[in-house]
Structures are given as C-alpha cells and as structure tokens.
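Overview (structure and organization)
These are the residues of each chain, in order.
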Amino acid sequence: MSPRLLNTVTLEDVAALRQSIADLFSIDDSTIGVPHPGHVRFRGRFMGDPTKLFPTVRSRWEALGFTPQWREQDGEPVLIAIAAVFKPAPANRWVNLGLLLATIASTLYVGAASDPRFTGSEIWLGLPFSLSLMLILGAHELGHYFAARHHGVAVTLPYFIPMPISIIGTLGAFIQLRSPITNRRALLDIGAAGPLAGMVFAVPILVIGLMTSEVSPLDPAGGYILEGNSLLYAALKTLVFGRFLPADGMDVLLGPLAWAGWVGLLVTGLNLLPVGQLDGGHISYVLFGRRARLFYWPVLLGLLALGAIVGENVAQWGIWVILLLVLGNRHAQPLDDVTPLDPRRRAIALFSLALFFLVFVPIPLTFVPPPGLG
C-alpha cells in the first residue's frame, strides 16, 4: 500500500477526483474527511451500470493516488475516495515451495506409518494417501488462486502447513489476498471456488477409496479411532456398502484413498463455517451483508456445545474456537459493496451454504479406549 498523508486531502485533490469521473458519475456534493480522515465522500449516481463503470473509476483514481469504495450510508449509495493505493510487494515463492515439499514429506510419512507393512523405511507406502490429499487440498487452494487472478486481485500461491505429528500430516493450506476485491461478485467467486474445486476431487477419491476398502468387525478390545459422519459421507457409505455404518459391531476399515477423501470433506466443512475470513464467511457476507456478523457467536457457541457432547471433542473444537476468536468477527469487504449478486452467483452461494450442511462433521473423531481406560 502506498498511502498519502491522510490529513492532507486538498480541495485541488477533490477537484481532480471530480473531473476524472465527470463522464461516469453525476456528483451532487462532496465532503472531505467523511467517513474518516483521508477520505472524500461523493454523493450522486453512476451514469450507467456501476458494475461496469466502477473498474474505470478505480483505474482513474489510482492514477491520482486514491482508491474508490462504493458503499451504502444512511440507506443511500455513496462513492468514497481513500487517499491510498494498494500495491503489494512480490511474495517470496521459495517459501511456498519449501512448505509444499515439507507437507508432501509430512503426508507421505503419516500415510506410510498408518500401513501395517511399514517398518521405518518404506516411505513409498504413503504415496496413495499423500497424493490424494495433496490433490484435494491443492485443488481447493488453486480454485481460490485462479478465481482471484481472474478478477485482478493480487494473491499469493498456496501456503501448505506440514504437521507430521498429526494423523493427517498437515494443518491444511491457505492463500493470502494482497489487494482489495472489486465487488461482491468477485468475493463470491473467490470464496466459493476453493470448496467447489476441492469437492470435484474429494468425492471421486472418497468413492473409489470406499469401494476398495473392507467392512470388518470393530475390535472388541478397543484402542481405535472412529471417523465421524457427515450427511454426505454417511450417504456415500450407504450407497457403496448397502447399509449405514458403523452398525452391528461392523464398520468400514478406511484405505488411504478413503481416508484422504474423508479428510477432504472435513476440511471443506470447516472452511465453509459461515464466519469471518473463512470461505463460508465470504459466502455469507455476499448473501447477507453486515448481518452475516450475527452468525459469529452462535457458531462459536455451537462448536463448544459439540465439544461438550463428546468429551474428547472439547480439544478438537476448542482449537477452532480459539482460532476464530483470534481471526475475529471481521469480513472481507469489497471495494464495491453495493452491487448485488447476479442470479447465477446467488444460486452458487446458496448451493455452497447447502454444501456446508452436507459435509460438516459434528463429531470428527471418537477414540474408543481399551477396557479399563474408558
């Protein structure tokens, strides 16, 4: 970001701003220092479709050292000039590459270690799990990445997070948006592209994995972990095996592809939580605007309640509650926050929210202890 001195917006600046958009926006009045120092508010109306004209306003005002916002104040749309231009420095791609290689190694090790044939050196045994999971996570993050690039938003390559001491070998991945998003339509595209792209790979991988996994008796001695059911996961198991599982002391023994697919659904559900900076938060914001902030505390309290249902889930959901508290109840606001979604994108947003209810796992993992440890 290259800011001006925020208290030095002059009448000459205002005149230049007005003149630069005289053919795009009919101005009724302008006010310096509203809504904040370093801002200029213009009340009036676009002389055409704001969605098509706003990018031109942005280009012209950035040349003058300002960034535009299209907002609603007191029930009236206003155009605001901010005395700053957002020009991020290039990111260090070696960091992305290093984290990618570390996460591949981490998931390879975890995948190999879960194989009964593993004695310490057969790292290749982890390939099916590692490649499947990295494909799902990579598709998710690259969905965000290419959607952001399509809309002219500066964005980093994915940052993968290795975690070799976990049962999945990673804490997921993220990208960083490094410039403002133009409008709600772009925000929806960027937010929804990740989960939808990830699901394109997660569902086939899960189905193939289930078809190549075995149904076996649960060990009466305990000492194992049961993966939780989402609506979609339960439906796919029923479709593949002809009955709901676990039941009658039987359950599916997940192979590496099935386990990667289940993790893919879990990650998608977590990202679609309709709060803050998560994908679901972006989607809820474009649908409900500032009212989306009302979801924050009910979601956090709901996660804590889920943790209380099964004692060991307190830690699982407690970590997420802490993370959401750190991120705060903030949403990504696009520069044009007035133009509504078109019908096609509204349908995508509603489908994405429905997807959350299909893939969310209320109780992710349940440890069944050996006798005497329960």
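Here is a short report on the structure shown in this document. (Residues numbered from 1 in each chain as written. Predicted model: local features only at pLDDT ≥ 70, side-chain atom pairs only at ≥ 80, totals over all residues. Heavy atoms only, no water.)

**Here we look at the overall build of the protein**
The number of helices and strands found in the protein is 11 helices and 12 strands. Per-residue burial for the protein yields a buried fraction of 49% across its 374 residues. Here the analysis covers contacts within the protein between residues at least 6 apart in sequence; of these, 68% occur between residues at least 24 apart. When the accessible surface of the protein is split by element, carbon and sulfur atoms take 67% of a total near 18,000 Å². (Helix = DSSP H or I, 4+ residues; strand = E, 2+ residues; numbered from the N terminus. Buried < 20%, exposed > 50% of the residue type's maximum accessible area, 1.4 Å probe, protein only. Contact = heavy atoms within 4.5 Å. Areas by Shrake-Rupley, 256 points an atom, 1.4 Å probe, with all protein chains shown as cover.)

**Describing the nonpolar core**
Core analysis: the largest hydrophobic core is formed by 66 residues, its most contacted members being Trp262, Leu265, Leu273, Ile283 and Leu303. Mapped by element, the contributors of at least two residues to this core are α4 (127–150), α5 (184–211), α6 (231–241), α7 (256–271), α8 (279–288), α9 (296–309), α10 (313–327) and α11 (343–359). Per-element accounting of this core gives the leading share, 10 residues, to α5. Dropping the residues within four chain positions of it, Trp262 is found in contact with Leu206, Glu227, Gly228, Tyr233, Val361, Pro364 and Leu365. Counting 20 residues, the second-largest nonpolar core is a separate cluster that includes Val9, Phe25, Trp61 and Ala83. (Core = buried A, V, L, I, M, F, W, Y, C linked by side-chain atoms within 4.5 Å.)

**Regarding the side chain of Arg184**
Note that Arg184 resides in helix α5. With a relative accessible area of 16%, Arg184 lands in the buried category. Here Asp337 takes part through its side chain, which lies 3.0 Å from a polar atom of the side chain of Arg184. Apart from the residues lying within four places of it in its own chain, the contact partners of Arg184 are Tyr285, Val286, Gly289, Pro334, Asp336, Asp337, Thr339 and Leu341. (Polar contact = N/O pair within 3.5 Å; in protein donor to acceptor, adjacent residues only side chain to side chain.)

**Here's the deal with a nonpolar patch on the surface**
A cluster of nonpolar side chains, namely Tyr109, Ile123, Trp124, Leu127 and Leu131, defines an oily patch on the protein surface of about 530 Å² accessible area. For Tyr109, the position within the fold is in helix α3 (residues 93–113). Judged by relative accessible area, which is 42%, Tyr109 ranks as partly exposed. (Patch = residues over 30% accessible without salt bridge, like charges linked within 9 Å, V, L, I, M, F, W, Y side chains within 5 Å. Salt bridge = Lys/Arg side-chain N within 4 Å of Asp/Glu carboxyl O.)

**Some thoughts on the packing of α4 against α7**
Remark: α4 packs on α7, axes separated minimally by 8 Å, with the N-to-C direction vectors making an angle of 25°. Put simply, α4 runs roughly parallel to α7. The handedness of the crossing between α4 and α7 comes out as right-handed. Facing α4, whose interface residues are Pro128, Phe129, Ser132, Leu133, Ile136, Leu137 and His140, α7 presents Pro256, Leu257, Trp259, Ala260, Gly261, Val263, Gly264, Val267 and Asn271. Per-class residue counts for the contact of α4 with α7 are 11 nonpolar, 5 polar and no charged. (Axes fitted to C-alpha atoms, helices over the stretch in contact; angles between N-to-C directions. Parallel < 35°, antiparallel > 145°, perpendicular 65-115°, else oblique. Left-handed = near helix turned anticlockwise from the far one by under 90°. Nonpolar A, V, L, I, M, F, W, Y, C, P; charged D, E, K, R; others polar.)

**A short note on α7**
Here α7 spans 22 Å end to end across 16 residues, near enough to the 22 Å set by a 1.5 Å rise per residue. Here α7 lies mainly inside the structure; 14 of its 16 residues are buried. (Expected span 1.5 Å × (residues − 1).)

**Observations concerning the sheet that holds strand β4 (residues 67–73)**
Sheets are built from strands paired through backbone hydrogen bonds, the pairs being either parallel or antiparallel. Taken in spatial order, the 4 strands make up an open sheet running β2-β3-β5-β4, and their pairing is antiparallel. Strands at the two margins of the open sheet, each flanked by one partner only, are β2 (25–32) and β4. Sheet twist, expressed as the average angle between the axes of neighbouring strands with direction ignored, equals 30°. Judged from the 7 bridges that link them, β2 and strand β3 (residues 39–46) form a sheet pairing that is antiparallel. Looking across to β3, one finds that Phe25 is bridged to Phe46. Across the sheet, helix α1 (residues 11–20) lies against β2, β3 and β5 (76–82), angled at about 165° from β2, the strand it touches most. Those strands touched by helix α2 (residues 50–63) are β3, β4 and β5, and its axis lies near 135° from that of β4. (Pairing = 2+ DSSP bridges.)

**Description of α6**
Given 3.6 residues to a turn, an α-helix orients residues that are three or four positions apart in the same direction. All buried positions along α6 are accounted for by Leu232, Tyr233, Ala234, Leu236 and Lys237. Buried positions along α6 lie against α5, β10 (224–227), β11 (250–253), α7 and α11. Within two residues after α6, Gly242 carries a phi angle of roughly 75°, on the positive side.

**Topic: the packing of α5 against α7**
At a closest axis distance of 7 Å, the pairing of α5 and α7 adopts a crossing angle of 150°. In terms of orientation, α5 lies roughly antiparallel with respect to α7. Crossing of α5 over α7 shows left-handed handedness. Counted together, Pro195, Met199, Ala202, Ile205, Leu206, Ile208, Gly209 and Leu210 of α5 and Leu257, Ala258, Gly261, Trp262, Gly264, Leu265 and Thr268 of α7 form the full contact between these two elements. Grouping the constituent residues of the contact of α5 with α7 by class yields 11 nonpolar, 4 polar and no charged.

The analysis is restricted to geometry; functional conclusions fall outside its scope.
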